[in-house]
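This is what each chain is made of:
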Amino acid sequence: MFRRYPWSTALIVLIWVLCLVPAFPETPLDNVKLIDKWTHIVMYMGLCMVIWGEHLWRRKDEKPNGKRLFLFGFVAPALMGGLIELAQAYCTFGRRSGEWMDWAADVVGVVVGCAIGILLAVCRAKVRKDT
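Calculation criteria
- Residues numbered from 1 in each chain as written.
- Predicted model: local features only at pLDDT ≥ 70, side-chain atom pairs only at ≥ 80, totals over all residues.
- Heavy atoms only, no water.
- Helix = DSSP H or I, 4+ residues; strand = E, 2+ residues; numbered from the N terminus.
- Buried < 20%, exposed > 50% of the residue type's maximum accessible area, 1.4 Å probe, protein only.
- Contact = heavy atoms within 4.5 Å.
- Areas by Shrake-Rupley, 256 points an atom, 1.4 Å probe, with all protein chains shown as cover.
- Polar contact = N/O pair within 3.5 Å; in protein donor to acceptor, adjacent residues only side chain to side chain.
- Disulfide = S-S within 2.5 Å.
- Phe/Tyr/Trp six-rings, centres within 6.5 Å; stacked < 30°, edge-to-face > 60°.
- 1 Å grid on protein atoms, 1.4 Å probe; cavity = no way out; pocket = protein on both sides within 12 Å on 5 of 7 lines; lining within 4 Å.
- Points joined across faces, edges and corners; volume = space filled by probe spheres on them.
- Nonpolar A, V, L, I, M, F, W, Y, C, P; charged D, E, K, R; others polar.

Chemist: Help me understand the overall build of the chain in this model?
Modeler: What the chain contains, in helices and strands, is 4 helices and 0 strands. When its helices and strands are written in sequence order, the chain yields α-α-α-α. Along the first, second and third principal axes, the C-alpha set of the chain runs to 55 × 30 × 20 Å. Residue burial in the chain is summarised as follows: out of 131 residues, 31% are buried. Residue pairs in contact within the chain that sit at least 24 positions apart in sequence constitute 79% of those at least 6 positions apart. A total of about 8,900 Å² of accessible surface is found on the chain, and carbon and sulfur atoms cover 72% of it.

What follows is the structure, given as structure tokens:
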């Protein structure tokens, strides 16, 4: 997987590390309302966009594999968000907390990232059709 999808793999590892390290130091962004939820949305939106982008890049001359994209570009990231929240709740010895609303923010990010990925696929198909 790392050879075929290096950026996606790197982002998955980075997200796991960031979500399981002990609490971060305070920053001025802590004053932004719902900054934690926005962070989750952006992380998972970015992950899904990279997954879709790498898949489309790898299959330049082919039609995108819809089943594979649904599984790895939507289901897997959404499940990963839930698994991370469970790991935070039960495996960090109280240093991190798992929250259902964080998982909901992850899923929102996945949906937005997939919507952008679908738009990329449609635009790519249109460009290929016109040439």
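Chemist: Whenever I open this one, the side chain of H40 confuses me. Can you help?
Modeler: Among the secondary structure elements, H40 is positioned in helix α2 (residues 35-58). Judged by its relative accessible area of 5%, H40 is buried. Side-chain polar atoms of H40 contact the side chain of D106, separated by 2.6 Å. Leave out the neighbours within four places in its chain, and H40 touches E85, D102, A105 and D106.

Chemist: Help me understand the environment of R128, please; the structure alone is not making it clear to me.
Modeler: Note on placement: R128 falls in helix α4 (residues 100-130). Along the chain, R128 and K60 lie 68 residues apart, while their C-alpha atoms are 9.4 Å from each other. The contact partners of R128, leaving out residues within four places of it in the chain, are K60, D61, E62 and K63.

Chemist: Please clarify how the state of the cysteines should be interpreted in this entry.
Modeler: Where two cysteines share a covalent bond between their sulfur atoms, that bond is called a disulfide. Under the criterion given, the structure shown has 0 disulfides. The thiol of C19 is unpaired, and the distance to the nearest cysteine sulfur, on C91, comes to 13 Å. The closest cysteine sulfur to the non-disulfide-bonded C123 is located on C114, 16 Å from its own sulfur.

Chemist: Just checking my understanding: could you explain the packing of aromatic side chains for this structure?
Modeler: Each aromatic ring pair is described using two quantities: the centre-to-centre distance and the angle formed by the ring planes. Applying the stated criterion to the full structure yields 2 aromatic pairs. With 5.6 Å between their ring centres and 20° between their planes, F70 and F74 make a pair best called stacked. Here F74 and F70 lie together in helix α3 (residues 66-91), a separation of 4 residues that amounts to about one turn.

Chemist: Explanation requested: the layout of surface pockets in the structure shown.
Modeler: One simple way to see leftover space: roll a probe sized like a water molecule over the atoms. Roughly 560 Å³ of volume is contained in the largest pocket. In this structure, the largest pocket is lined by 19 residues; those nearest its centre are F24, D36, T39, H40 and R96. Among the elements that make up the lining of the largest pocket, the one with the highest residue count is α2 (5 residues). In terms of residue class, the lining of the largest pocket is made up of 8 nonpolar, 5 polar and 6 charged.

Chemist: In this structure, what is going on with the environment of Y90? I would like to understand it.
Modeler: Residue position: Y90 is located in helix α3. Distance from Y90 to M80, taken between C-alpha atoms, is 15 Å for residues 10 residues apart in sequence.

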